[in-house]
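# Residue-level structural notes
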Amino acid sequence: MIDADGYRPNVGIVLLNAEGRLFWARRVNRDGWQFPQGGMRSDETPLEAMYRELQEETGLCPQHVEVLAATRGWLRYRLPNRYVRHHQRPTCIGQKQVWFLLRLVGEEDALCLDACEKPEFDLWRWVDFWYPAAHVVNFKRQVYERALRQFAPLVENLLSLELGRAPVREADDAEQRRHTPRSGYEAA
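This structure is a prediction, so every number in the text was calculated from the model and none was measured.

## Considering the environment of F100
Tracing the chain through its elements places F100 in strand β7 (residues 94–104). Linking F100 and L68, residues 32 residues apart in sequence, is a C-alpha distance of 7.6 Å. Those residues in contact with F100, other than ones at most four positions away along the chain, are V11, G12, I13, V14, P46, L47, M50, V67, A69, A70 and F151.

## Some words on the side chain of K140
Tracing the chain through its elements places K140 in helix α3 (residues 138–163). Buried within the structure, K140 lacks any salt-bridge partner; E120 is the closest side chain of opposite charge, at an N-O distance of 7.1 Å. Side chain to side chain, K140 and Q34 meet in a polar contact 2.8 Å long.

## Some thoughts on the packing of aromatic side chains
A complete count under the given rule lists 12 aromatic pairs for this structure. Between F23 and W126, the ring centres sit 6.1 Å apart and the planes meet at 75°, which makes this aromatic pair edge-to-face. A residue pair is termed long-range when its members are at least 10 positions apart, and F23 in strand β2 (residues 22–27) and W126 in strand β8 (residues 121–127) qualify at 103 residues. With a relative accessible area of 0%, F23 lands in the buried category. Between F129 and W130 the ring centres are 5.0 Å apart and the planes differ by 80°, which places this aromatic pair in the edge-to-face class. Residue classification places F129 among the buried residues on the basis of a relative accessible area of 5%. On the accessibility criterion, W130 (7% relative accessible area) is buried. An aromatic cluster of at least three residues, connected via ring pairs, comprises W24, F35, W99, Y131 and Y144. Its guanidinium or amino end placed over the ring of Y7, R76 lies 5.6 Å from that ring's centre, counting from NZ or CZ. Over the face of the ring belonging to W74 we find K96, whose NZ or CZ atom lies 4.7 Å from the ring centre.

## A look at helix α1 (residues 46–58)
Taking 1.5 Å of rise per residue, the 13 residues of α1 would be expected to cover 18 Å, and the 17 Å separating its terminal C-alpha atoms lies within 8% of that figure. Here α1 has its buried residues at A49, M50, R52, E53, L54, E57 and T58. Remark: G59 follows α1 within two positions and exhibits a positive phi of approximately 80°.

Rules of the game
Residues numbered from 1 in each chain as written. Predicted model: local features only at pLDDT ≥ 70, side-chain atom pairs only at ≥ 80, totals over all residues. Heavy atoms only, no water. Helix = DSSP H or I, 4+ residues; strand = E, 2+ residues; numbered from the N terminus. Contact = heavy atoms within 4.5 Å. Buried < 20%, exposed > 50% of the residue type's maximum accessible area, 1.4 Å probe, protein only. Lys, Arg positive; Asp, Glu negative; His and termini not counted. Salt bridge = Lys/Arg side-chain N within 4 Å of Asp/Glu carboxyl O. Polar contact = N/O pair within 3.5 Å; in protein donor to acceptor, adjacent residues only side chain to side chain. Phe/Tyr/Trp six-rings, centres within 6.5 Å; stacked < 30°, edge-to-face > 60°. Lys NZ or Arg CZ within 6 Å of the ring centre and 35° of its normal. Expected span 1.5 Å × (residues − 1).

Interpretation in functional terms is not warranted from these geometric data alone.
Encoded structure:
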């Protein structure tokens, strides 16, 4: 399903744990890391697509998470020209996404990367809030930054209320490079 402007409707998932860290996963057979995301079917709402993608890519079900927020409107990114399949009609030039902020309310051991026949990820870890914006592939970076900027005030309030923690703030480039992810967990 491609819209009239050439964008494929998609959902993205930012999963927050109790410590305010984000789920970050490595694509199977690649060295790229990203948030869970995936295309919407023509008969799905963004929320329905999000729950389906969540289960397919992480093994988590609705009872394992709480939906905290969704981005306002679509966030778009263009694919690099080398990824555009110019011979296909309609031609997909990028993705338009609704991003969801979820909080893990179930146990961490409910995460299962091989919950579907063709897993998307083979390794995952928890990372600091702004880490993904500096470490995702370049063409997705602006969308990640925009989604995280929309979610940051909510996460900041949540953490300050629940954990008495300092605010989540956007780190400068030097600070982001110093942050390394917590050890990854092998896929089950």
